[in-house]
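# Structural overview
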Amino acid sequence: MFPPYPAPEDSAVRSTKAQVRAEILAARRAVTPQTRAAEAAALAAHVLTFVDPGQAVCGYVPVGSEPGSVDLIDGLVRHEAAVLLPVARHDSGGVALPLRWGRHRPGELVDAPFGLREPPQPWLPADAVAEAAVVLVPALAVDLRGTRLGRGAGFYDRTLMLAGRGAVVVAVVRDDELVDQLPSESHDVRVTHALTPRQGLVPLGR
């Protein structure tokens, strides 16, 4: 079971992660709308090269400056993939729960907590991620070992451990957010690939 809070010995790592998060978020805010749109279009084109029609794909709806777009997930539906989108909630103690999933149908997204957009009910349980051949994961950065830096809420750390053993788990980032090494903690779940606008799908962890 994923612990509710990081262990005390990880405090230095958490401090370093917080600094890296702040730097990346500042850099993303400086990206022009034109560059962001061009990168989103490139990502939407790349994803169609490694997803087959009929496959189940877990995607996400980007928020703020996150790479990706609604066009990307709509394009996967047109590509005849079965696209599942995350539903994020906390338990009664404020701890992030593993993500639940809803089937994406273009034009049907609804407002959700945390300023997100999500699919309407009915929702599938968290272990529906195990059926996905490809899992697209938002990230602030990812390193060549597959260590992903998220926003620190814990939703994906609790979810990715449920993914199928053969799943392609992809951190979606800008090109300069694929780095040599990131600080990591024992509970971090590594991804198998990165997806960037210029490089496309990049295998990690070799």
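Residues numbered from 1 in each chain as written. Predicted model: local features only at pLDDT ≥ 70, side-chain atom pairs only at ≥ 80, totals over all residues. Heavy atoms only, no water.

## What about the overall build of the chain?
For clarity, the threshold we go by: The helix and strand labels rest on DSSP assignments: H or I over at least four residues marks a helix, E over at least two residues marks a strand, and numbering proceeds from the N terminus. We call two residues in contact when some of their heavy atoms are within 4.5 Å. Note on areas: Shrake-Rupley, 1.4 Å probe, and residue coverage restricted to the protein chains presented here. The positive count covers Lys and Arg only, the negative count covers Asp and Glu only, and His and the chain ends enter neither. To locate a charge, take NZ of a lysine, CZ of an arginine, CG of an aspartate or CD of a glutamate.
Scanning the chain for helices and strands turns up 4 helices and 12 strands. Counted over contacts in the chain with a minimum sequence separation of 6, partners at least 24 positions apart contribute 71%. On the chain, roughly 10,200 Å² of surface is accessible, and the fraction owed to carbon and sulfur atoms is 53%. The positive charge centre, built from 21 side chains, and the negative charge centre, built from 23, are 1 Å apart in the chain.

## Describing the nonpolar core
Going by this rule: Here, nonpolar core refers to any group of buried Ala, Val, Leu, Ile, Met, Phe, Trp, Tyr and Cys residues whose side-chain atoms link them within 4.5 Å. Only protein chains enter the calculation, and the probe is 1.4 Å; a residue is then buried if its accessible area is under 20% of its type maximum, exposed if over 50%, and partly exposed in between.
Counting residues in hydrophobic clusters, the biggest one holds 46 residues, and the most contacted among them are L76 and L136. Elements that contribute at least two residues to this core include exactly α2 (33-47), β1 (56-58), α3 (70-78), β2 (82-87), β6 (134-138), α4 (155-160), β9 (168-172) and β11 (193-196). Of all hydrophobic cores here, the second largest spans 6 residues; its members include V20, I24, L140 and L182.

## Comments concerning empty space enclosed by the protein
What counts, and what does not: A pocket, in this scheme, is an open set of points on a 1 Å grid over the protein atoms alone with protein on both sides within 12 Å along at least 5 of 7 lines, while a cavity is a set where a 1.4 Å probe fits but cannot get out; residues line either one if an atom lies within 4 Å of a point. Grid points are joined across faces, edges and corners, and a volume is the space filled by probe spheres set on the points. The nonpolar class holds Ala, Val, Leu, Ile, Met, Phe, Trp, Tyr, Cys and Pro. Asp, Glu, Lys and Arg form the charged class, and all remaining residues, Gly among them, are polar.
Applying the stated criterion to the full structure yields 2 cavities of 30 Å³ or more. The calculated volume of the largest cavity comes to roughly 80 Å³. What lines the largest cavity is simply R28, V31, R36, E39, A40, L43, S65, E66, P67, G68 and R174. The leading source of residues in the lining of the largest cavity is α2, at 4 residues. Reported here for the second largest cavity is a volume of approximately 40 Å³. What lines the second largest cavity is Y60, P62, G68, S69, L72, I73, L136 and V172. The residue inventory of the lining of the second largest cavity, partitioned by class, reads 6 nonpolar, 2 polar and no charged.

## Concerning the pattern of salt bridges
This is how the line gets drawn: For this document, the term salt bridge refers to a Lys or Arg side-chain nitrogen within 4 Å of an Asp or Glu carboxyl oxygen.
For the coordinates displayed, the defined rule picks out 8 salt bridges. R151 serves as the salt-bridge partner of E66, at 3.6 Å between the closest nitrogen and oxygen. Separated by 85 residues along the polypeptide, E66 in the loop between β1 and α3 and R151 in the loop between β8 (148-149) and α4 bring together distant segments of the chain. For D176, the salt bridge identified is with R174, shortest N-O distance 3.6 Å.

## Thoughts on the UniProt feature "binding site: substrate" (unreviewed entry) in the chain
For the record, the criterion: UniProt positions are given in the numbering used here, feature names are shortened, and annotations may be inferred rather than shown by experiment. Two N or O atoms form a polar contact when they lie within 3.5 Å of each other; inside protein one atom must be a possible hydrogen donor and the other a possible acceptor, and for residues adjacent in sequence the pair counts only when both atoms belong to side chains.
The sites that carry the UniProt feature "binding site: substrate" (unreviewed entry) are, in the present numbering, V61 and E66. Among the residues just listed, E66 line the largest cavity. With residues near it in sequence (within four places) discarded, V61 still touches E66, V70, I73, L85, L109 and R117. Excluding residues that lie within four positions of it along the chain, E66 makes contacts with R28, Y60, V61, P138 and R151. There is a polar contact of 3.0 Å between the side chain of E66 and the backbone nitrogen of V63.

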